[in-house]
Amino acid sequence: MFDLGSPIEALAGIGEKVLEKLRKLKIKNARDLLFYLPFRYEDFSNIKNIIDLVAGEKATVAAKILNISNKRTWKRKMIITEALLEDATTPVRAVWFHQPYLTQTLTKGVWVNISGKVSLDKMGLVFSNPAFEILGSENEKGLTFQEGQTLGKVGLHTGGLVAIYPETQGLTSRWLRLKIKALLDNIGDIADFLPDFIAKDFELIELTRALRQIHFPKNNAESQEAKKRLAFQDIFLLQLYVQSEKQKIKSRPAAGVPIDVELIKKFTGSLPFRLTDSQKIASWQILKDMEKPSPMNRLLVGDVGSGKTVVAAIAALNAARHGHQIAFLAPTEILAFQHYKTASQLFANFNLKIGLLTASQKPKSNLAGFDILIGTHALIQKSVRFSNLALVVVDEQHRFGVDQRAALLKDPKHSAVPHLLSMSATPIPRTLALTLYGDLDLSLLKEMPRGRKKIITKVVAPTNREKAYQFIENQVRLGRQIFVICPLIEESEAALMSEVKNATAEYEKLSKNIFPHLKIGLLHGRLKPPEKAEVMRKFKSKKTDILVSTSVVEVGIDVPNASVMMIEGADRFGLSQLHQFRGRVGRAEHQSYCFLFTESPAQATAARLKILAESEDGFRLAEKDLELRGPGQFFGREQSGLPDLAMSSLKDTKLIAEVQQAVKIFLEKDKIENHELLKDRLGEFKREIHWE
Ligand code: ADP
Ligand code: MG
C-alpha cells in the first residue's frame, strides 16, 4: 500500500532513467504524481460497430487482429505498422508510424479496443495512429472474446474520456495513465483536509473520488465535478491564508496618525501643479484610514502617469511629522533611485531625513535615524529593523503587499502594525483582486493630470517600418526622445542572456545603420546598478536621444520629454504590459505616440493589438488580458507559484465567490487550529507557493 508521501520509485516499473525525467517534472512522491493533472481529455466515448464508422469521426471499436506487420515506406525510411482488424460486422485497417515494437504485443488473434480518428484513403476506412488497449486474446486458454462481450468496454486509454497530460520530458500520457491507475488502486482513501461541513455545504465530492475522476472520468460531468473540487481546495487555501492573515492584522493595534491639515496645505501649495480631484479624494481616504488605530490595508490604483507618488508622499509627510518612520518599497533599483530623487525634491523644504537603500548604495548613517527609507522590496525586508514604522508603501508590486508587511513585522516587541498602502498601475480584474488581497479597500485615480494629450497608438505594418523611422527622426529633431522596447523572451534559464543579446543587437542596428547621427543608449538586466543609473541619467538629462531597452523600463520610469514608445515584438506582451509601456510617454504636454511592431501574422494578434490601439481604459484592458491570456499576466514575470488548475480557476468568478463565502463561514464558525490536517496542508501550501 502507498500513502501520499511514498517515494515515486516505490512504484513498479520506475527505473533510474524514468526517475530522472520525473524529477524534472518535480514528481518526487505519490502525491506529486496524483496531482499531476490532465490539461484536456480525448473523447473516445463514441463506441461503434465497424460497419457504422464514418470517415472523419473519432470513434472506438472493439476488434480482433486478423493480421499485422511492419513495412518500410519506399520513399522515406519510415516504418509503418499495418493491421487488419475485424469485429462481428466487417474489417477495418489501422496504421501506426515509427512504432515497430507494437507487433510484439499486438499479434494475430488479440482482441483490442482501437480509439482514434477514422479517415478514408484509396483502400477504404483506416484508423491512423489510434490509441489501443488489449482486451484479451483468443490464444489464451479460457479467454475467448466475442463481439457482444467486448463492445462498449471502457479502458484506461480507449473507449471513454481519456486524460491527456503535459508530455514534457518524453513521458507519454499513456505511461502516466498506467502509473496513476496503479497508484490509485493501491493507495486507499486519501485523508481530506477540507473541513467536512464545508465539503457538505458546497456539495464537493471527496478528495479520493475527485482524483479518480479527474484522471479517469466516465463522462464530462465527472471530470467537471472533480476539477471543481480540486480547484476549490487550492483557492480555499489561498483565501484562507489571505483572509486569516488579514483577520490577524486587524486584531492588532496600529499607530493612529492625526491629520495635520495645515502641513498638508503647505505641502500641496509647494507643488508646481494642482492635485486632480482623484488625487485629493485618494489622499483623504488614506489619511482617514491612518487616523484610526487599526491597520490600513489600501490599494491605490491609477494608470501610469496619474500621479500616485504624490498621494503616497502626502501620507508619508503627515506620518513623518508625527514622529513615525515610513518604508517605501520599489520593485527595482532604478525605481528606488527615482523615488529617492522625487522625494528629495518634494520634501526639500520640509526637513525630513530621506534614505536610499539599494544593493549598491548603503546609507552612510544609522538607518534608525531616517524618517523615510526608500529601497527595493528584497533589501528592506532583509536588512532593516525600524524603531517606529507606521506606514509601508509598496509600489508597483502585483503580488501580495500583505507578506511585505508581514516580513517587516518580524520584530515581536513591536506590537503595533504599520499601515499598508499598495500602489499599482495595473488595474487588477476584480476577481483577482479579491482573491489575492481579500476584501481590501480601494482608491482609484480616475483622471490624468490636466494638459495631457491622448497617446496616438498605431500597429505598424512591416512595410511601414521606414516611415516609422523617419517619423522618429523628426521627433528627435523637434527635441523629443524615444523609447525602443525589445521583444520579451519566454521565461527560461537562458532568457535573460538572450534578451540582453537581442537588445544589444537592436542597439547596434539602430546606432550603425538606421540613426548613425543620433545618440543612442542601451539598458538591460545585465548592467550593474550604477551602470543602469548612468544610462538612465544620460537619457533623463537628454544626453541620449533614443533609449533601447529590454522590458526593465516597464514600471514607473519618468522621462516627460519622451514622445515615442516603439515596441518590437508587441505580440509577445500582454495588453496590460503594453499599456504600461505606453504610459512611459505622454507624460508632459507633447503629443505622444506608441508604435507597435509585430512579425506575427496571426489574426488573433492583430485583434488584440487593435484593442490596445482603441482603448485607454486600463481596467478594460486588464479584464481582456485575463480573458485572453489568463491570470499569469498579473503576477509579473515571476511565477505565482500556484498550481496550474488554481491559476486557471482564477478566471472563474462564480467559483471564487463560492470559496470566499466558504472561507468566511469557516473563519466565523471554526478555527484553523482545530484542524490538524488543514493546518499542515496550509503550511505546505505556503511553502510551495513561496510565501514563506
Ligand atoms: P504614477 O502614477 O505613474 O506613479 P507619477 O507619480 O510618477 O505617476 O507622476 C507622473 C508625473 O506627473 C510626475 O512627473 C508628477 O510630478 C506629475 N504629476 C503628478 N500629479 C500631477 C498633477 N496633479 N498635475 C500635473 N502633474 C502631476
Ligand atoms: Mg509610479
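The sections below set out a description of the structure shown in this document. (Residues numbered from 1 in each chain as written. Chains lettered and ligands numbered in written order. Predicted model: local features only at pLDDT ≥ 70, side-chain atom pairs only at ≥ 80, totals over all residues. Heavy atoms only, no water.)

### Topic: the pairing of strand β3 (residues 79-86)
- Bridge count between strand β2 (residues 58-72) and β3: 8 bridges; the pairing is antiparallel. Bridging from a neighbouring strand, I65 pairs with L85 of β3.
- A loop of 6 residues connects β2 with β3, the two strands running antiparallel in sequence.
- Alignment of β3 against strand β4 (residues 91-97), held across 7 bridges, turns out to be antiparallel. Bridged to E82 within β4 is V95.
- In sequence, β3 turns back onto β4 through a hairpin of 4 residues. (Pairing = 2+ DSSP bridges. Helix = DSSP H or I, 4+ residues; strand = E, 2+ residues; numbered from the N terminus.)

### With respect to the packing of helix α5 (residues 173-185) against helix α7 (residues 207-215)
- Where α5 contacts α7, the axes come no closer than 11 Å and their chain directions differ by 155 degrees. In terms of axis orientation, α5 runs roughly antiparallel to α7. Crossing handedness for the pair α5 and α7: left-handed. Listed contacts from α7 to I180, L184 and D185 of α5 are L211, R212 and H215. (Axes fitted to C-alpha atoms, helices over the stretch in contact; angles between N-to-C directions. Parallel < 35°, antiparallel > 145°, perpendicular 65-115°, else oblique. Left-handed = near helix turned anticlockwise from the far one by under 90°. Contact = heavy atoms within 4.5 Å.)

### Some remarks on helix α19 (residues 575-582)
- Of all 8 residues in α19, 8 are buried; the element is thus mostly enclosed.
- Among all positions in α19, only L575, S576, Q577, L578, H579, Q580, F581 and R582 are buried.
- The secondary structure elements touched by the buried residues of α19 are β16 (456-460), β17 (481-485), β20 (562-567), β21 (593-597), α20 (603-614) and α21 (618-629). (Buried < 20%, exposed > 50% of the residue type's maximum accessible area, 1.4 Å probe, protein only.)

### Brief notes about the sheet that holds β21
- Judged by pairing direction, the sheet is parallel, and its 6 strands sit side by side in the order β16-β21-β20-β17-β19-β18 without closing on themselves. At either margin of the open sheet sits one strand with a lone partner, and together these are β16 and β18 (520-523). The sheet shows a mean angle of 20 degrees between the axes of neighbouring strands, taken without regard to direction.
- Alignment of β20 against β21, held across 4 bridges, turns out to be parallel. In the sheet register, I567 faces β21, and the bridge partner there is L596.
- Where helix α16 (residues 465-477) meets the sheet, its contacts fall on β16, β17, β19 (546-549), β20 and β21, and the angle it forms with β20 comes to roughly 160 degrees.

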